[in-house]
Every structure is written in C-alpha cells, then in structure tokens.
Amino acid sequence: MNRVYGIIGIKAKMANWNADFTGRPKSTSNGEIFGSDKALKYPMKKMWENENKEVMYIKSWKEEKDSIVPNKLAERYEILFGKVDDKKVSTNEVMNNLFRCIDVKNFGATFAEKKQNISITGAVQFGQGFNKFEDTNIEVQDILSPFTDSTKDDAKQSTLGTKITVDEAHYFYGFSINPKAYDEYKNLLDGFDGYTKEDYEEFKKVALVSATAYNTNSKYGCENEFALFVECKEDECYLPDLSDYIKFDSEKRCIDLSEIEKLIDNKYQNVEVFYNKYKLEVVTTLNKFDIFTKEKL
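Residues numbered from 1 in each chain as written. Predicted model: local features only at pLDDT ≥ 70, side-chain atom pairs only at ≥ 80, totals over all residues. Heavy atoms only, no water.

## As for the overall build of the protein
Moving on, step 1. The secondary structure content of the protein amounts to seven helices and 17 strands.
Moving on, step 2. For the protein, the spread of C-alpha atoms along the three principal axes comes to 70 × 60 × 35 Å.
Moving on, step 3. Each of the 297 residues in the protein was classed as buried or not, and the buried ones make up 46%.
Moving on, step 4. For the protein, the share of sequence-separated contacts (at least 6 apart) that also reach a separation of at least 24 residues comes to 66%.
Moving on, step 5. A total accessible area of about 16,100 Å² is found for the protein, and carbon and sulfur atoms account for 45% of it.
Moving on, step 6. With 43 positive and 51 negative side-chain charges, the protein shows a spacing of 2 Å between the two charge centroids. (Helix = DSSP H or I, 4+ residues; strand = E, 2+ residues; numbered from the N terminus. Buried < 20%, exposed > 50% of the residue type's maximum accessible area, 1.4 Å probe, protein only. Contact = heavy atoms within 4.5 Å. Areas by Shrake-Rupley, 256 points an atom, 1.4 Å probe, with all protein chains shown as cover. Lys, Arg positive; Asp, Glu negative; His and termini not counted. Charge placed at Lys NZ, Arg CZ, Asp CG, Glu CD.)

## Details of a negative patch on the surface
Moving on, step 1. Among the surface-exposed residues, E134, D135, D249, E251 and E281 lie close enough to one another that they form a single negatively charged patch.
Moving on, step 2. As for its position among the elements, D249 is in strand 13 (residues 247-249). (Patch = residues over 30% accessible without salt bridge, like charges linked within 9 Å, V, L, I, M, F, W, Y side chains within 5 Å. Salt bridge = Lys/Arg side-chain N within 4 Å of Asp/Glu carboxyl O.)

## Quick word on helix 2 (residues 73-81)
Moving on, step 1. Inspection of helix 2 places A74, R76, Y77 and F81 among the buried residues, and these make up the whole buried set. In an axial view of helix 2, the angular spread of the buried residues amounts to 160°, which keeps them on one side of the axis.
Moving on, step 2. Against the buried residues of helix 2 lie helix 1 (37-50), helix 3 (91-100) and strand 5 (108-113).
Moving on, step 3. Downstream of helix 2 by a residue or two, G82 has a phi angle that is positive, lying close to 105°. (Arc of directions from axis to C-beta.)

## Focus: the packing of aromatic side chains
Moving on, step 1. Enumeration over the complete set of coordinates arrives at 21 aromatic pairs.
Moving on, step 2. Between F99 and Y185 the ring centres are 5.5 Å apart and the planes differ by 55°, which places this aromatic pair in the tilted class. Here the residue F99 occupies a position in helix 3, and Y185 occupies one in helix 5 (residues 183-186), the gap between them amounting to 86 residues.
Moving on, step 3. For F99, a relative accessible area of 5% corresponds to the buried category.
Moving on, step 4. We classify Y185 as buried; its relative accessible area is 10%.
Moving on, step 5. Every member of this aromatic cluster is reached through a ring pair, and the members are W48, F107, F126, F175, Y200, F203, F229, F274 and F289.
Moving on, step 6. Over the face of the ring belonging to F229 we find K204, whose NZ or CZ atom lies 5.4 Å from the ring centre. (Phe/Tyr/Trp six-rings, centres within 6.5 Å; stacked < 30°, edge-to-face > 60°. Lys NZ or Arg CZ within 6 Å of the ring centre and 35° of its normal.)

## Section: the sheet that holds strand 13
Moving on, step 1. Pairing is mixed across the open sheet formed by three strands, whose spatial order is 13-14-16. The open sheet has two edge strands with one neighbour each: strand 13 and strand 16 (281-283). In this sheet, adjacent strand axes meet at a mean angle of 20° when their direction is disregarded.
Moving on, step 2. Of the pairings in the sheet, the one linking strand 13 to strand 14 (residues 254-256) comprises three bridges and is antiparallel in character. Counterpart to D249 in the pairing with strand 14 is C254. (Pairing = 2+ DSSP bridges. Axes fitted to C-alpha atoms, helices over the stretch in contact; angles between N-to-C directions.)

## Quick word on the nonpolar core
Nonpolar side chains tend toward joint burial in soluble globular proteins.
Moving on, step 1. Grouped together as the largest cluster of nonpolar side chains are 59 residues, with contacts concentrated most on W17, M44 and F203.
Moving on, step 2. For this core, the element with the most residues is helix 6 (residues 197-213), which contributes six residues.
Moving on, step 3. Beyond its immediate stretch of four places on either side in the chain, F203 contacts I8, M44, W48, N106, F107, V124, F126, F175, I177, Y195 and F229.
Moving on, step 4. With 23 residues, the next largest nonpolar core counts F226, C237, I255 and V282 among its residues. (Core = buried A, V, L, I, M, F, W, Y, C linked by side-chain atoms within 4.5 Å.)

## Section: helix 6
An α-helix turns once every 3.6 residues. As a result, residues three or four positions apart point the same way.
Moving on, step 1. Between its terminal C-alpha atoms helix 6 stretches 24 Å, which fits the 24 Å expected from 17 residues at 1.5 Å a residue.
Moving on, step 2. Along its length, helix 6 reaches its greatest deviation from straightness, about 40°, at A207.
Moving on, step 3. Three or more residues of helix 6 are buried, namely D199, Y200, F203, K204, V206, A207, L208, S210 and A211. (Expected span 1.5 Å × (residues − 1). Bend = angle between axes of the 7 residues up to and from the residue.)

## Quick look at unusual backbone geometry
Moving on, step 1. Of note in the backbone geometry, R253 takes a positive phi value of approximately 50° without being a glycine.
Moving on, step 2. Following the sequence through the fold, R253 ends up in the loop between strand 13 and strand 14.
Moving on, step 3. Judged by relative accessible area, which is 26%, R253 ranks as partly exposed.

## A few points about the side chain of T284
Moving on, step 1. Within the secondary structure layout, T284 lies in the loop between strand 16 and strand 17 (288-290).
Moving on, step 2. For T284, a relative accessible area of 16% gives the class buried.
Moving on, step 3. Engagement of the side chain of T284 in a polar contact is seen with the side chain of E261, the distance being 2.6 Å.
Moving on, step 4. A distance of 3.0 Å separates a polar atom in the side chain of T284 from the backbone nitrogen of L286. (Polar contact = N/O pair within 3.5 Å; in protein donor to acceptor, adjacent residues only side chain to side chain.)

## Thoughts on the side chain of E261
Moving on, step 1. Here E261 is to be found in helix 7 (residues 258-264).
Moving on, step 2. Put simply, E261 is tucked away with no salt bridge, and the nearest opposite charge, on K288, sits 8.9 Å away.

## Observations concerning the environment of C222
Moving on, step 1. Mapped onto the secondary structure, C222 falls in strand 12 (residues 222-232).
Moving on, step 2. Judged by relative accessible area, C222 falls into the buried class, the value being 2%.
Moving on, step 3. Separated by 207 residues in sequence, C222 and A15 have C-alpha atoms that sit 6.4 Å apart.
Moving on, step 4. Excluding anything up to four places from it in sequence, C222 contacts K11, A12, A15, N16, W17, A211 and T212.

This is the structure in structure tokens:
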C-alpha cells in the first residue's frame, strides 16, 4: 500500500474532550482550544483492548502494599509476553513481541527497560486537533458531594466540586500513514511483514467509532462526527496537514472540502469521506459515506 493522509473530526457537546491539569479544556497561550494526539489515541487503544487485542501502552493495575497502583513498563510487558529481564531474551524477540501489539504497529513505541533500549517511529502520525467552532464557551458546573470533608474533624457541610465542559466544540486532527516506516525491520525480524493493509483497516475502524464508544463521565457527549481518508495513487506522494485546509461554517455546522480537493487533485487512487449526516453538512464532490452505517450517500 501507498501513503494515506486524512482527518478525524471529534464533536464535544457539554463535554470535555481533553482537559489540562486545571481541569479546563486544553488551550494554547492565545486561548485557542485544542486536543492532543494522546487524547485521540487513548480511546482507540481502549477499543482494541476491549476487543481482546494485544495493547502494550495502556494503563493497567496491580496490588502492592495494600494499594492499587499502575504497572511499570516492564511489568506490563511481562503480563503480555513474560519477563524482559531474562538474559535469554534478545532484542530481536522483544521487538517481535512489541510489533504483535496493535497500538505499537500503528503508533510506534519507546521501550527502555533492563538491557533493552528500543525506539520505534510509528507508521501513523497525528497532529494536534484544533477546535474550529467559533462560538465555544467553557461551562463550569458546581457539584454537591454527599459527604463532608474527611480532612476536617469538625466539618458539618458536604463538600463542593466542579465539572468543567465546553458547550460545543469541533476538533479536527490531521494524520498521515507511512507504510514504509517499518521496512528496515523486515530483514531483521523473522516473519515480520511491516505495516499491512490489515493494520490500516484496523486503524480505520477505530478512527471512525472509538471516541463515540468511549463514554466516561467527562467524555459523554464526545463523538466521532467526521473522517477523511486519502489513499495516494503513487508511492512518492507528500501532502501537508489536511486539517489546515478545512473550512468550517460554525453557524451552519458545514464542512467545505473544496480547498482539499484542489490540493489532492490527481494524487489519489481512493478517497472516502465519512460524516454524521444528521448533524453536519459536507460540501464536496468526493465519495461520501454515513459514519454510522458506512453506507454510501
């Protein structure tokens, strides 16, 4: 397969897609709201994990000294493949095991444990997802706890908390897939085929539904609403971050892809546009599909 470029769109309504350490939606120094690539990858990994696929870089837990604490990197590896500090374990074996993990196959890995020091640049790379909705407001809700403050012996009132959300935001992430990223490992690792069409289809599946499927308290109201996949016609096809070329009409909730159509003209063998037809309009001559049913529109 050749390179793939695209965009993933996430809607947040009375939700907080990606908070900073103060609990507010993450933003740049000039106040522009955005979501990090980690916020997008996490629900993808959770979906793969829920499907019983091997996922390396996700939080897992253990009991230690009467507490529940996260596993270390080596301990996570041990859960999946056995101990990494065994003298008989070669770097070749560790890399083969890492590439068995669907998250590593797509996003790469940094593995520095014991005698192993491995860095794998992922085939799939994301930019930051900037909010293109012009009228986003941050909402702060006071929440009354049913309990008093446990740190104060004389507390007579229950405590207050806060929940911070946006009223509405539309995040758009650009991404690229370089299937040749792992070519150098094909001759080093036995039975390794590099990044395959099957790996791409696995990524494509979670790119369309994982945010919608991940319904935590703060993420309820976040959903996949748009995705664009541009499969290049030629091997040497280099495109910029396509999310910069989207025009979003905040009043009509309308996405205009005319600039992208000009940019990719004669450079693709297949293009698919998935979107929520009930909440969005998309202006394009490209092939359009229902993001829920995957049926052509």
